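# Results of the structural survey
These are the residues of each chain, in order.
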Amino acid sequence: MEDSFQHKGLRKRLIESLRVKGITDGTVLDAMDRVPRHLFMDSSFIKFSYADQAFPIGAGQTISQPYTVAFQTSLLNILPREKVLEVGTGSGYQTAVLLELKLKVFTIERQHELFLKSQSLLTRLGYKPHFFYGDGYEGIPAYAPFDKILVTAGSPDIPHKLIEQLRPGGIMVIPVGGDSGQKMLKITKTAGGFVEKEEHGNFAFVPLLKGKAS
Ligand code: SAH
């Protein structure tokens, strides 16, 4: 569980490379600079941990590419202490970034193995999100409404239950599309309950699947 001088140095370089690629939100970059990404990967080979690429984390899933984490988080227009729902806990890396932004985080994962693993790791690192094992496509109605919703798997459509669980004025960032790629959508729910959509480029995520896996 070590975060060495070398890890910190490589992380600074990664953050600089994200800036060069067009991420301008300093608050998001600073939050990412505080999260030891190598601890969220099975093999802690640092050359993979601090390269700007996605990486397998078991159960056929991946930890998102750092650029994607920075890009999605920036699109959320985060304000401190907001209540955020993350769909797809995966490795827990994005969860940690959200917690470093001083948010109240609810995170849901459908793969039991990943749910247990990320819960144990985040807890050991001192991060305290609210963990849920279940189908994030359904959201978490008992804790709605959320100020922000972040979906970290590619969804075939815009889940209407997630729109329902967004507060008026809230924002959802979600990659929408099929296996050949998704468009990043920033969806704003207006005060009147209408939905405004903006497209923010093409991405490739693992699919958002319905139901729980054991
Ligand atoms: N945020 C993660 C990204 C993991 S990849 C990270 O930083 O590592 C996407 C994750 O979404 C996978 O772990 C996958 O199991 C999960 N997932 C897919 N469909 C889901 C659903 N309906 N509900 C909850 N999690 C889901």
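Along each chain, numbering runs from 1 in the same order as the chain's sequence is written. For this predicted model, a pLDDT threshold of at least 70 governs which residues receive local features, and a threshold of 80 or more governs which side-chain atom pairs are given and counted, while totals over whole chains, interfaces and linings are taken from all residues. The basis for every side-chain value is the complete set of heavy atoms in the structure, and neither hydrogens nor water enter the calculation.

## Considering the nonpolar core
Short version of the rule: Take the buried Ala, Val, Leu, Ile, Met, Phe, Trp, Tyr and Cys residues and link them wherever side-chain atoms come within 4.5 Å; each set so joined is a nonpolar core. When accessible area is computed with a 1.4 Å probe and restricted to protein chains, residues below 20% of their type maximum are described as buried, those above 50% as exposed, and intermediate ones as partly exposed. Think of it this way: any DSSP run of H or I at least four residues long counts as a helix, any run of E at least two long counts as a strand, and we number them from the N terminus. Here, two residues are considered to be in contact whenever any of their heavy atoms come within 4.5 Å of each other.
Residues Leu-18, Met-32, Phe-40 and Tyr-93 are the most contacted members of the largest nonpolar core, which totals 42 residues. Going through the elements one at a time, helix H1 (5-20), helix H2 (26-33), strand E1 (55-58), helix H4 (66-75), helix H5 (93-100), helix H6 (112-124) and strand E7 (166-178) are the ones with two or more residues in this core. Aside from chain neighbours lying at most four places away, what touches Phe-40 is Val-35, Ile-57, Ile-63, Ser-91, Gly-92, Tyr-93, Ala-96, Leu-121, Leu-122 and Leu-125. The next biggest cluster of nonpolar side chains, apart from the first, holds 19 residues, and it includes Leu-85, Val-87, Phe-146 and Ile-174.

## Topic: the pairing of strand E5 (residues 130-133)
Operational definition: Strand pairing is defined by DSSP finding a minimum of two bridges between the two strands. Orient the strands so they point away from the viewer, and a crossover whose first-strand-to-second-strand path over the helix runs clockwise is right-handed.
For strand E4 (residues 104-109) and E5, the ladder comprises four bridges, and the chain directions are parallel. Bridging across to E5, Glu-109 finds its partner in Tyr-133. Once you follow E4 into H6 and on to E5, the crossover reads as right-handed.

## Description of the pattern of salt bridges
Stated precisely, the cut-off is as follows: Whenever Lys or Arg places a side-chain nitrogen within 4 Å of a carboxyl oxygen from Asp or Glu, that contact is recorded as a salt bridge.
For the coordinates displayed, the defined rule picks out ten salt bridges. The salt bridge partner of Arg-34 is Glu-100, with a shortest N-O separation of 2.9 Å. Of the two residues, Arg-34 is situated in the loop between H2 and helix H3 (46-49) and Glu-100 in helix H5; the sequence distance between them amounts to 66 residues. Judged by relative accessible area, Arg-34 falls into the partly exposed class, the value being 40%. What makes Glu-100 buried here is its relative accessible area of 16%. Linked through salt bridges whose partners overlap, the residues forming this network are Glu-82, Asp-147, Lys-148 and Arg-167.

## Description of the packing of aromatic side chains
Put simply, the test is: Two aromatic rings, drawn from Phe, Tyr or Trp (for Trp, its six-membered ring), form a pair once their centres lie within 6.5 Å of each other, and the interplanar angle then sorts them: stacked below 30 degrees, edge-to-face above 60, tilted otherwise. Charges are assigned to positions over rings by a cutoff of 6 Å between ring centre and Lys NZ or Arg CZ, combined with an angular limit of 35 degrees from the ring normal.
All told, the structure shown has ten aromatic pairs when counted by the stated rule. An aromatic cluster is built from Tyr-67, Phe-71, Phe-203 and Phe-205, whose rings are joined through pairwise contacts. The positively charged end of Arg-37 is found above the aromatic ring belonging to Tyr-93, 5.3 Å away from the centroid.

## Here's the deal with unusual backbone geometry
A cis amide bond, omega 5 degrees, links Ala-144 with the succeeding residue Pro-145. Inspection of the secondary structure puts Pro-145 in the loop between E5 and strand E6 (146-151). A positive phi angle is found at Ala-59, which is not glycine, with a value near 55 degrees. Tracing the backbone through its elements, the reader meets Ala-59 in the loop between E1 and strand E2 (61-63). Phi is positive for Asn-77, which is not a glycine, with a value near 45 degrees. Here Asn-77 is to be found in the loop between H4 and strand E3 (83-87).

## Structural notes on H1
Along an α-helix, residues three or four positions apart point the same way, because every turn accommodates 3.6 residues. For the record, the criterion: The span one expects for a helix is its residue count, reduced by one, times 1.5 Å. Note that the arc is computed from the directions linking the helix axis to the C-beta atoms.
For H1, with 16 residues, the first-to-last C-alpha span of 23 Å sits near the 22 Å given by 1.5 Å per residue. Those residues of H1 lying buried are His-7, Arg-11, Leu-14, Ile-15 and Leu-18. Taken down its axis, H1 places every buried residue within 100 degrees of arc, on the same side. What points out from H1, more than 90 degrees from its buried face, is the exposed set Phe-5, Gln-6, Lys-12, Arg-13 and Val-20.

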